[in-house]
Amino acid sequence: MSVPSPLPPAREQTVLRPLPPVDWIALASMVLVIAGTVVLAAQIPGTPSLLPSVVLLALAAVLAAAAAVVLGRVRDFAARIFFRVGRWVLLGYAVIAGMIELVFLLNDVRGAQLVTMTLLLALFTLDAVFLLAFGVARYQPAD
């Protein structure tokens, strides 16, 4: 004798469609952000050279923008799910990023160092939100 499940039956079909590699582009952006952060943080509390971190930040920003533009051109995509998931993930990551920013301030990171670290943190947050929202939406039926 089988017991009826209180849950609805699982979907039998997963939506698989070819999509451009926007997740890999966003991941490359995230790797550049992490590298820029490590380069900069390794030189603090001294006076670090900002050039390597700023160059990595600029390259990461170009890749993040490219991922967004490429995804924006995809017609067969669950954009509503992407933005619904993205809003909630952004809320969580904004809280985390705010706490990390507070740590920067409490540890006397100031001036151009603080601006660079803040921009790196902001781009990391956007990359993480993009990757998580895309990871969910890619397997959902298109809008």
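Residues numbered from 1 in each chain as written. Predicted model: local features only at pLDDT ≥ 70, side-chain atom pairs only at ≥ 80, totals over all residues. Heavy atoms only, no water.

Observations regarding the packing of helix α3 (residues 79–106) against helix α4 (residues 111–137)
The interhelical angle for the contact between α3 and α4, taken along N-to-C directions, is 155 degrees, at an axis separation of 8 Å. In this view, α3 runs roughly antiparallel relative to α4, as classed from their interaxial angle. Handedness of the α3/α4 crossing: right-handed. (Axes fitted to C-alpha atoms, helices over the stretch in contact; angles between N-to-C directions. Helix = DSSP H or I, 4+ residues; strand = E, 2+ residues; numbered from the N terminus. Parallel < 35°, antiparallel > 145°, perpendicular 65-115°, else oblique. Left-handed = near helix turned anticlockwise from the far one by under 90°.)

Side note on the layout of surface pockets
By volume, the largest pocket is sized at about 370 Å³. What lines the largest pocket is a set of 19 residues, among which Ala68, Phe82, Phe83, Leu126 and Phe130 lie closest to the centre. Sorting the residues of the lining of the largest pocket by element identifies α2 (51–72), α3 and α4 as the ones contributing at least two each. Here the residues of the lining of the largest pocket are counted per class, giving 15 nonpolar, two polar and two charged. Here the second largest pocket defines a volume of roughly 160 Å³. (1 Å grid on protein atoms, 1.4 Å probe; cavity = no way out; pocket = protein on both sides within 12 Å on 5 of 7 lines; lining within 4 Å. Points joined across faces, edges and corners; volume = space filled by probe spheres on them. Nonpolar A, V, L, I, M, F, W, Y, C, P; charged D, E, K, R; others polar.)

Digging into the packing of aromatic side chains
In the structure shown here, the tally under the stated rule is five aromatic pairs. A ring pair is formed by Phe130 and Phe134, whose centres lie 6.4 Å apart and whose planes are at 5 degrees; its orientation type is stacked. Here the residue Phe130 and the residue Phe134 both occupy positions in helix α4, the gap between them amounting to four residues, near one helical turn. In terms of burial, Phe130 and Phe134 fall into one category: buried. Through a chain of ring-to-ring contacts, the aromatic side chains of Phe77, Phe82, Phe83, Phe130 and Phe134 assemble into a single cluster. (Phe/Tyr/Trp six-rings, centres within 6.5 Å; stacked < 30°, edge-to-face > 60°. Buried < 20%, exposed > 50% of the residue type's maximum accessible area, 1.4 Å probe, protein only.)

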